[in-house]
Each structure stands twice: as structure tokens, then as C-alpha cells.
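Summary of the model geometry
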Amino acid sequence: MTIQELKVASDRIGVIIGKGGSTRKAIEEKAGVTITIDSHEGMVSIEGEDAVGVLRATEMIRAIGRGFSPERASKIFEDDDVIFDLLDLSNVADTPEKMNRIRGRIIGRDGKARGQIENMTQTYISIYGKTVGIIGMPEPAHTARKAVEMLVEGADHASVFAFLDKRKKEAKQDLLSYYY
């Protein structure tokens, strides 16, 4: 029996449970686990016989807890290689104003910057509180993380997109050279 416990922000507990418990039930079925939620403490307990199932369910709940919709977080179950990466921004912004500015840079006007990074890396990105969550295959998720870090460090958007474009071309080249 494997048991994982994690604390989730109170405003995300309802999302984890879902309408009439639908999200929780779906996670339990996909992963073969039992989920217990203490909504007063914000503690979520996941237990099951299959350690991998418990781990996947834990990652999905962490992702939902960090702002992802259950639909996007369920990507974690689509492929065993899909990862959930969490970037903590609390050490780079010491005031709420700085945090808002950094979040704004990552999101971009009308969400365009975030959308562009997601499209160019085939990942999902969620900016929630003081964290940036990324769901995707390991290499693209690493590239998306690097792009977000570049924005946090003050690189202009054009440089970040040029970097992503270069990485995309390199990945395509690697794929071609692998087969030919």
C-alpha cells in the first residue's frame, strides 16, 4: 500500500472534487487509487496498491492545485513520460508589485505570450499565485521552463520566441537525423 499526502490551497479543493465528485472519481478510476480530502485543512490523501498510479494521481492533484483545469491536468495520464514541473517564483519577487509584473510578462497581453510558449513547446502552462506549472513531455517541458525563466530574468519576448523557434528547429533536425 502506497500513501501520498499533500496540502492544496482551499480555493482549489472544489476543483479537485469536481461537480458531484466527478473529478475525484475520474482520478480514482484512472489511477486505481482512493482519494480522501479534508477540505478544512486542505489535505489530500491518495492511497493505492500501485505505486505508479498513486504517483500519477498525486501529480495530477498537484497540477490542479496549482491552477490547471482537470482537463489539462489529465494529460498526465495520457503518456507515462508526461511530467509536471513547478517553478517557484517567490524567491525572485519580494513585493506583490514585482510578482504581478513577472506574472504579466509570462502571461503577456491577452495571454498571448503564454499561448505562444505552449504552442511552440506542445506543453500546458499555468500561472497560479507564486508558481508557474508546466505539463508536457520532458524535453519540451524543459524548453518551456527555460523560456519562462528567460522572461522572469527580464529577456524581451522577441528573444524568448527566437530561442523557442531555434529549439523547435533543433528538435526537428534531431528527429530527422534519427531516422535518416
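Preceding block: the structure.
What comes next is a walk through the structure.

Secondary structure assignment for the chain yields 8 helices and 6 strands. When the helices and strands of the chain are listed from N to C terminus, the series reads β-α-α-β-β-α-α-β-α-α-β-β-α-α. Whereas a compact globule of 180 residues would reach a radius of gyration of roughly 16 Å, the chain reaches 18 Å, a difference of no more than 12%. By principal-axis analysis of the C-alpha atoms, the chain measures approximately 50 × 45 × 25 Å. Per-residue burial over the chain gives 41% buried out of 180 residues. About 10,300 Å² of surface is accessible on the chain, with carbon and sulfur atoms providing 50% of the total. In the chain, which carries 26 positive and 28 negative side-chain charges, the distance between the mean positions of the two groups comes to 8 Å.

Okay, the sheet that holds strand S5 (residues 124-128) next. A sheet is described by the order of its strands in space; here 3 strands give the open sequence S4-S6-S5, paired in antiparallel fashion. Across the chains shown, the open sheet's two edge strands, defined by having one partner strand only, are strand S4 (83-88) and S5. Each neighbouring strand pair of the sheet contributes to a mean axis angle of 15°, computed without reference to strand direction. Where S5 and strand S6 (residues 131-136) come together, 5 bridges link them in antiparallel fashion. Each bridged residue has a counterpart across the sheet, and for Ser126 the counterpart in S6 is Gly133.

Residues Ile35, Val44, Ile46, Ile61 and Ile135 are the most contacted members of the largest nonpolar core, which totals 23 residues. No other element matches the 6 residues that helix H3 (residues 51-65) contributes to this core. Apart from residues lying up to four places away in sequence, Ile61 is in contact with Leu6, Val8, Ile16, Ile27, Ile35, Val44 and Ile46. Counting residues in each nonpolar core, the second largest holds 22 residues, with Leu89, Ile117, Val148 and Phe163 among its members.

The sheet built from 3 strands is open, its strands ordered S1-S3-S2 with antiparallel pairing. On the outer flanks of this sheet lie strand S1 (2-7) and strand S2 (34-38), each paired with one strand and no other. Strand-to-strand twist across the sheet, computed as the mean angle between neighbouring axes with direction ignored, equals 15°. Two strands pair when backbone bridges link them, and S2 and strand S3 (residues 43-48) are joined in this way by 5 bridges, in the antiparallel orientation. Bridge pairing links Thr34 to Glu47 in S3.

In this fold, Glu118 is placed in helix H6 (residues 112-121). We classify Glu118 as buried; its relative accessible area is 9%. Apart from residues no more than four positions distant in its own chain, Glu118 is found in contact with Arg72, Thr123, Tyr124 and Ile125.

Now for the pairing of S2. Burial along S2 is one-sided: Ile35 and Ile37 are buried, while Thr34, Thr36 and Asp38, pointing the other way, are not. Between the end of S2 and the start of S3, which pair antiparallel, lie 4 residues, with Gly42 showing a positive phi angle near 75°.

About the thresholds
- Residues numbered from 1 in each chain as written.
- Predicted model: local features only at pLDDT ≥ 70, side-chain atom pairs only at ≥ 80, totals over all residues.
- Heavy atoms only, no water.
- Helix = DSSP H or I, 4+ residues; strand = E, 2+ residues; numbered from the N terminus.
- Rg over C-alpha atoms; globule rule 2.2 N^0.38 Å.
- Buried < 20%, exposed > 50% of the residue type's maximum accessible area, 1.4 Å probe, protein only.
- Areas by Shrake-Rupley, 256 points an atom, 1.4 Å probe, with all protein chains shown as cover.
- Lys, Arg positive; Asp, Glu negative; His and termini not counted.
- Charge placed at Lys NZ, Arg CZ, Asp CG, Glu CD.
- Pairing = 2+ DSSP bridges.
- Axes fitted to C-alpha atoms, helices over the stretch in contact; angles between N-to-C directions.
- Core = buried A, V, L, I, M, F, W, Y, C linked by side-chain atoms within 4.5 Å.
- Contact = heavy atoms within 4.5 Å.

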